[in-house]
Amino acid sequence: DAKTTQPNSMESNEEEPVHLPCNHSTISGTDYIHWYRQLPSQGPEYVIHGLTSNVNNRMASLAIAEDRKSSTLILHRATLRDAAVYYCILRDHAGNMLTFGGGTRLMVKP
Amino acid sequence: GAVVSQHPSWVICKSGTSVKIECRSLDFQATTMFWYRQFPKQSLMLMATSNEGSKATYEQGVEKDKFLINHASLTLSTLTVTSAHPEDSSFYICSARDITGAPDTQYFGPGTRLTVL
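Residues numbered from 1 in each chain as written. Chains lettered and ligands numbered in written order. Predicted model: local features only at pLDDT ≥ 70, side-chain atom pairs only at ≥ 80, totals over all residues. Heavy atoms only, no water.

### Topic: the overall build of chain A
We apply this condition: Each helix is a run of DSSP H or I of at least 4 residues and each strand a run of E of at least 2, with the numbering of both proceeding from the N terminus. We compute the radius of gyration from the C-alpha atoms alone; for a globule the expected value is 2.2 Å times N to the 0.38, where N is the number of residues. The buried label goes to any residue with under 20% of its type's maximum accessible area, the exposed label to any with over 50%, and the partly exposed label to all in between, with areas taken from a 1.4 Å probe on protein chains only. Should any heavy atoms of two residues lie within 4.5 Å, those residues are considered in contact. For accessible areas, the Shrake-Rupley method is used with a probe of radius 1.4 Å. Any residue's cover is judged against the shown protein chains and nothing else. We score Asp and Glu as negative and Lys and Arg as positive, and we do not count His or the chain ends. Think of each charge as sitting on NZ of Lys, CZ of Arg, CG of Asp or CD of Glu.
The number of helices and strands found in chain A is zero helices and nine strands. Beginning at the N terminus, the succession of helices and strands in chain A can be written as β-β-β-β-β-β-β-β-β. Its C-alpha radius of gyration of 13 Å places chain A within 12% of the 13 Å reference for a compact globule of 110 residues. Within chain A, the proportion of its 110 residues that are buried is 45%. Looking at chain A alone, contacts between residues at least 24 apart form 57% of all its contacts between residues at least 6 apart. Carbon and sulfur atoms form 49% of the exposed surface of chain A, whose accessible area is close to 5500 Å². Separation between the mean location of the 10 positive side-chain charges and that of the 11 negative ones in chain A comes to 3 Å.

### Let's talk about the sheet that holds strand S7 (residues 70-75) of chain A
All names here are of chain A. Quick reminder of the rule: Whether two strands pair comes down to DSSP finding at least two bridges between them.
Strands sit in the order S2-S7-S6-S5 across an open sheet of four strands; the sheet is antiparallel. Two strands in the sheet have a free side with no partner beyond their single neighbour: strand S2 (18-23) and strand S5 (55-56). The pairing of strand S6 (residues 61-64) with S7 spans four bridges and is classified as antiparallel. Following the sheet pairing, Ile64 is matched in S7 by Ser71.

### Side note on the interface of chain B and chain A
Note the cut-off: Summed over both partners, the accessible surface that disappears when two parts come together, traced with a 1.4 Å probe, is what is meant by buried area. For salt bridges, the criterion is a side-chain nitrogen of Lys or Arg within 4 Å of an Asp or Glu carboxyl oxygen. Each polar contact in these results corresponds to two N or O atoms within 3.5 Å; when the atoms are within protein, one needs to be able to donate a hydrogen and the other to accept it, and residues that are neighboring in sequence are counted only if both atoms are side-chain atoms.
Counting residues at the interface gives 22 residues for chain B and 20 residues for chain A. Carbon and sulfur atoms make up 52% of the area that chain B and chain A hide from each other, which totals about 1600 Å². Considering only the side of chain B, the residues that lose the most area to chain A are Pro103(B), Gln106(B) and Phe108(B), jointly responsible for 30% of the buried surface there. Here chain B and chain A share zero salt bridges between them. The interface formed by chain B and chain A contains five residue pairs in polar contact (both at pLDDT 80 or more).

### Some points on the sheet that holds strand S8 (residues 76-81) of chain B
All names here are of chain B. As a reminder, the rule being used: Angles run from 0 to 180 degrees between N-to-C directions of axes, and those axes are lines fitted to C-alpha atoms, restricted for helices to the stretch in contact.
Ordered by their spatial adjacency, four strands build an open sheet running S1-S3-S8-S7, and the pairing between neighbours is antiparallel. Pairing within the sheet leaves two strands with one partner each, and these edge strands are strand S1 (4-7) and strand S7 (67-73). Each neighbouring strand pair of the sheet contributes to a mean axis angle of 15 degrees, computed without reference to strand direction. Direction of pairing for strand S3 (residues 19-25) relative to S8: antiparallel, over a ladder of six bridges. Looking at the pairing, Ile21 lines up with Leu79 of S8.

### A word on the state of the cysteines
The criterion, for reference: Only a pair of cysteine sulfur atoms within 2.5 Å counts as a disulfide in this structure description.
Evaluation of the coordinates by the stated rule reveals two disulfides over all chains. A disulfide bridge connects Cys22(A) with Cys88(A), and the sulfur atoms are separated by 2.1 Å. In this structure, the disulfide formed by Cys22(A) and Cys88(A) twists by about -80 degrees around the S-S bond and is classed as left-handed. In this pair, Cys22(A) sits in strand S2 while Cys88(A) sits in strand S8 (residues 84-92), placing the two residues 66 residues apart along the sequence. Here the two residues Cys22(A) and Cys88(A) agree in accessibility, since each one is buried. Disulfide pairing places Cys23(B) opposite Cys94(B) at an S-S distance of 2.0 Å. Judged by the sign of its S-S torsion, about 80 degrees, the bond between Cys23(B) and Cys94(B) is right-handed. With Cys23(B) in strand S3 and Cys94(B) in strand S9 (residues 90-98), this pair connects stretches of sequence that are 71 residues apart.

Right under this line is the structure:
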């Protein structure tokens, strides 16, 4: 699977939107972009995934650049419960395992 | 989303004993499950891929005789840490692959914290 680059940490204020970036310049045409988050002392939680078009679900939105070399996870209104490590992972449609990088530790201030 | 459970959520054992961890997919069938290990302040590292009815595939550097994996049914995989030692203390997390969507999605269990004294 191709590699992704994320900032180590980000801070946000509660009730404000958060944009978490991910660079994946070596993405291939069949790679899906998956986002998971891991709250302290818990297993990762699926957030969202996309291929080319922007995606929305009840948890977040995923904005994918036109050239697909980067993407942004958008939390529309951060809450204290959104404080977690967010992982951006590329996976081929036929892929099997997930390879986790370092992720971005999101801190939310009240 | 789909639910994956793990049992126990934490375990403390003496050095030299064996510990079994169960991973269950509660509302879907999973032909493939994965076992990860996570040390403090680090990311998840894949240990092995477990396929129902066949032998597990281990990642490089993971001892298959020490970490026994059994995937006897479409909803249950077990990881047994044999002759555990303090360096095996870690957070063990399983995931199950739900192939009903496109692409398929992995759902993770809540993790098991193992402490070996």
